[in-house]
Amino acid sequence: MKAVGFRCHRQPALPVFENMTKLILGYWDIRGLAQPIRYMLGYLGVEYEDKRYVEKNSWFDVKLNMNLDFPNIPYIIDGDVRTTQTWAIMKYLARKHTILFPKTEEEIRSCDMLEEVARDLAMPFFMLCYNHDGFDEAKKKYFSETLPKLLDLLEKFLGCSHWMIGVKMTYVDFYFNEVLDVIQLMTSDCLDKHQGIKKYVEKFFALDKIAAYRRSDRFKKWPFMSPQAKWGGKCED
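Residues numbered from 1 in each chain as written. Predicted model: local features only at pLDDT ≥ 70, side-chain atom pairs only at ≥ 80, totals over all residues. Heavy atoms only, no water.

Taking an unreviewed UniProt entry as the reference, the chain is identified by name as glutathione transferase belonging to Clavelina lepadiformis. Recorded in UniProt for the chain, the comment headed Function (unreviewed entry) runs: "Conjugation of reduced glutathione to a wide number of exogenous and endogenous hydrophobic electrophiles." (UniProt positions renumbered as here; feature names shortened; annotations may be inferred.)

Quick look at the structure:
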């Protein structure tokens, strides 16, 4: 008779890390999908090892030996917790440290919705960054049509609120601000017609702990994308 209700995990030999008492965040040596998590950890004052994989093989050679249910990066190792995927990691940290997790059912629903909106904001921009064949035309269309339409909706939703769901900052604000920041790196005046969103971004990066992180050696402005990108895969300044 087959037992049900239990998962049997193989236990591979795990990589040895120098600081097993610290939380470990693993990702490529770029901003990418790990940067909102880095901002969260800095804001929360969590000491962590920022494990960056420079060469592809440095990750591919160990990924199946990490005891991760779905081997991928970013990942975190926090004591017995080993998990992957950006949003799952951000929500785990928000729940653990409580101050960045929504409290009411209405707030939770708003954050659930905003996760999808954040993807709608990020994905067309990511696709633009990897568009080698028609980059100039695609960039023009993105900043004249695609982005303004979504910014209109975001600004209406934000209204006079301090943060996306109101007076309380949550994990979704970290993702939105990272994406909006990088979009501005490509076109610096893209938020000028949406002053509510522009002030929202300025307020986030003026937070003491975020500003301190950005001034530190831990913060790397570039690259944002992988080296294969048309834009953002190297220093663009």
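Still more ground to cover, so stick around.
J.: Help me understand helix H8 (residues 208-215), please; the structure alone is not making it clear to me.
T.: Note on helix geometry: an α-helix contains 3.6 residues per turn, so any two residues three or four positions apart are oriented the same way. Among the residues making up H8, those that are buried are Ile210, Ala211 and Tyr213. Buried residues in H8, looked at end-on, bunch into an arc of 160°, giving them a common side. Across H8 from its buried face, at more than 90 degrees, point the exposed residues Asp208 and Arg215. Packed against the buried residues of H8 are helix H1 (35-44), strand S2 (48-53), helix H6 (171-186) and helix H7 (195-206). (Buried < 20%, exposed > 50% of the residue type's maximum accessible area, 1.4 Å probe, protein only. Helix = DSSP H or I, 4+ residues; strand = E, 2+ residues; numbered from the N terminus. Arc of directions from axis to C-beta. Contact = heavy atoms within 4.5 Å.)

J.: Would you mind going over helix H5 (residues 135-158) with me for this structure?
T.: Along H5, the sharpest change in direction is near 45° and occurs at Tyr142. The set of residues buried in H5 consists of Phe135, Tyr142, Phe143, Leu147, Leu150, Leu151, Leu154 and Leu158. Buried-residue contacts for H5 involve helix H4 (105-129), H6 and H7. One or two residues past the end of H5 sits Gly159, with phi positive at roughly 55°. (Bend = angle between axes of the 7 residues up to and from the residue.)

J.: Explain the packing of aromatic side chains to me, please; I cannot follow it from the model alone.
T.: To describe a pair of aromatic rings, you give the distance between the ring centres and the angle between the ring planes. If you walk through the whole model with that rule in mind, you get 22 aromatic pairs. When the centroid spacing of 6.1 Å and the interplanar angle of 80° are considered together, the rings of Tyr39 and Phe204 count as edge-to-face. Of this pair, Tyr39 sits in helix H1 while Phe204 sits in helix H7; the two residues are 165 residues apart in sequence, bridging distant segments of the chain. Just as Tyr39 is buried, Phe204 falls in that class too. (Phe/Tyr/Trp six-rings, centres within 6.5 Å; stacked < 30°, edge-to-face > 60°.)

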